[in-house]
Amino acid sequence: MKSLNLLVLAAALFIALPASAQQVKPYHQNIKDCAACHTKENAVAGNQFVTPDNKACLTCHQSYAAVAEKTKNLKNGEPNPHASHHYGEGIACTACHSEHKTSQVYCNNCHEFKYQIK
Ligand code: HEC
Ligand code: HEC
Ligand code: HEC
Ligand code: HEC
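Each chain carries its own residue numbering, running from 1 in the direction its sequence is written. Chain A is the first chain written and ligand 1 is the first ligand written, with later ones labelled in order. Local features in this predicted model are restricted to residues of pLDDT 70 or higher, and side-chain atom pairs are both shown and tallied only at a pLDDT of 80 or more, whereas totals for entire chains, interfaces and linings draw on every residue. The basis for the side-chain values is all heavy atoms of the structure; hydrogens and waters are excluded.

As recorded by an unreviewed UniProt entry, the protein carries the name Tetrahaem cytochrome domain-containing protein and is attributed to Parasutterella excrementihominis YIT 11859. UniProt positions are given in the numbering used here, feature names are shortened, and annotations may be inferred rather than shown by experiment. In the Subcellular location (unreviewed entry) part of its UniProt record, the protein is described as follows: "Cell envelope".

Right, here's the structure in full:
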């Protein structure tokens, strides 16, 4: 009986963990509300916890142009990742910036740019 209770408890924890255990990046530590990124507008079939769109990021980061302004003069003369001749503003922030796992620069599927992405 006791072991059955433990099993039920373990199962309950297992279900509860994936949502509550999501760590945000150190620079987003002050964002206490998951819905800042996981907006109602982004929800798919009622589930808000899907990859956020650019609009969610840009509520705080203003505009693609504003972000591109910050990375226009990078060290090593690397091209601006926020204003490439391939995609311009037509690429999801999350193609490169992940939140709960390591970020991967999409450009480096083909190039070898030395970016300092966090
Ligand atoms: C609720 C506001 C808010 C939202 C939503 C938000 N951010 Fe941020 N973000 C911040 C703040 C504040 C900082 C720290 C100050 C800064 O660097 O602008 C930050 C920092 C960052 C940085 C690091 C800047 C550095 O110093 O290197 C990146 C990258 C970033 N955000 C990307 C994103 C992406 C991608 C999204 C959407 C998935 C997003 N942010 C959504 C507020 C937000
Ligand atoms: C093609 C990949 C890519 C996409 C798409 C992308 N970023 Fe970035 N972002 C980078 C890289 C790479 C850096 C770091 C550049 C460096 O410092 O070497 C960066 C840096 C940043 C920074 C820090 C700028 C600074 O130095 O203060 C912010 C904020 C940011 N990105 C937000 C965004 C947001 C918001 C979006 C979507 C609107 C976005 N990024 C889309 C690759 C990308
Ligand atoms: C700053 C924006 C931001 C905040 C705040 C944020 N997330 Fe996320 N979340 C993302 C992004 C971007 C992804 C896409 C996968 C990744 O980058 O890790 C994601 C993916 C997820 C997923 C997985 C969805 C899938 O399809 O795999 C879950 C679950 C999730 N977030 C839960 C949370 C919870 C719970 C919180 C609050 C504790 C939270 N997130 C806060 C940006 C955010
Ligand atoms: C699918 C492969 C692929 C991806 C992803 C890609 N590129 Fe390219 N890139 C190329 C090819 C092929 C060329 C040469 C032909 C051309 O100019 O389009 C090129 C050329 C360039 C050039 C001009 C030539 C040079 O090497 O100086 C720049 C700058 C550049 N890419 C930046 C970027 C940036 C920034 C990203 C990410 C936002 C990116 N690329 C993503 C394939 C790619």
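Additional details are given in the paragraphs that follow.
Caption draft 1: Seen up close, the site of ligand 1. One heavy atom within 4 Å of a molecule or strand is enough for the residue carrying it to be called near that molecule or strand. Around ligand 1, the structure places 13 residues, and the nearest of them are His 28, Cys 57, Cys 60, His 61 and Lys 118. Here His 61 contributes a side-chain N or O atom positioned 2.8 Å from a nitrogen atom of ligand 1. Contact between ligand 1 and Lys 118: an oxygen atom at 3.0 Å from a side-chain N or O atom of the residue. Every helix listed is a DSSP run of H or I at least four residues long, and every strand listed is a run of E at least two residues long, numbered separately from the N terminus. Looking at which element gives the most residues to the shell around ligand 1, the answer is helix α2 (residues 54-61), with four residues. Residues are grouped as follows: nonpolar covers Ala, Val, Leu, Ile, Met, Phe, Trp, Tyr, Cys and Pro; charged covers Asp, Glu, Lys and Arg; every other residue, Gly included, is treated as polar. Residue composition of the shell around ligand 1, by class: eight nonpolar, three polar and two charged. What qualifies as a polar contact is a pair of N or O atoms within 3.5 Å, subject to a donor-acceptor requirement within protein and to the restriction that residues adjacent in sequence count only when both atoms come from side chains.

Caption draft 2: Examining the coordination of the iron atom of ligand 3 more closely. Atoms of type N, O and S within 2.8 Å of a metal are treated as its donors, and for Na, K and Ca the window is 3.2 Å; water is not considered, so some sites may appear to be missing partners. Summarising the metal site, the iron atom of ligand 3 is bound by the protein donors His 38 (NE2) and His 100 (NE2), whose distances to it range over 2.0 to 2.1 Å. Whether a residue is buried, partly exposed or exposed follows from its accessible area with a 1.4 Å probe, protein chains only, as a fraction of its type maximum: under 20%, in between, or over 50%, in that order. A residue is classified by how much of its surface remains accessible, and His 100, at 38% relative accessible area, is partly exposed.

Caption draft 3: Expanded view of the coordination of the iron atom of ligand 1. Surrounding the iron atom of ligand 1 are the protein donor atoms His 28 (NE2) and His 61 (NE2), which sit 2.0 Å from the metal. In this scheme the shape depends on donor count and angles: four donors with every angle between 85 and 135 degrees give tetrahedral, four or six donors with opposite pairs above 155 degrees and others between 65 and 115 give square planar or octahedral in turn, and any other case is irregular. Its six donor atoms give the iron atom of ligand 1 angles of 87 to 179° at the centre, a pattern that matches the octahedral case. Taken together, the positions of His 28 in the loop between α1 (2-20) and α2 and His 61 in helix α2 put the pair 33 residues apart, joining distant regions of the chain.

Caption draft 4: Main features of the side chain of Thr 39. Relative to the helices and strands, Thr 39 resides in the loop between α1 and α2. A relative accessible area of 15% places Thr 39 in the buried class. We call two residues in contact when some of their heavy atoms are within 4.5 Å. If near-sequence neighbours (up to four positions away) are discounted, Thr 39 is found in contact with Gln 48 and Ala 56.

Caption draft 5: Spatial organisation of the site of ligand 2. If you check the shell around ligand 2, you find 19 residues, and the closest are His 82, Cys 93, Cys 96, His 97 and Gln 116. His 82 places a side-chain nitrogen or oxygen 2.7 Å from a nitrogen atom of ligand 2. When residues of the shell around ligand 2 are traced back to their parent elements, those giving at least two are α2 and α3 (64-70). With three residues, the top contributor of residues to the shell around ligand 2 is α3. Of the residues belonging to the shell around ligand 2, the class tally is 13 nonpolar, five polar and one charged.

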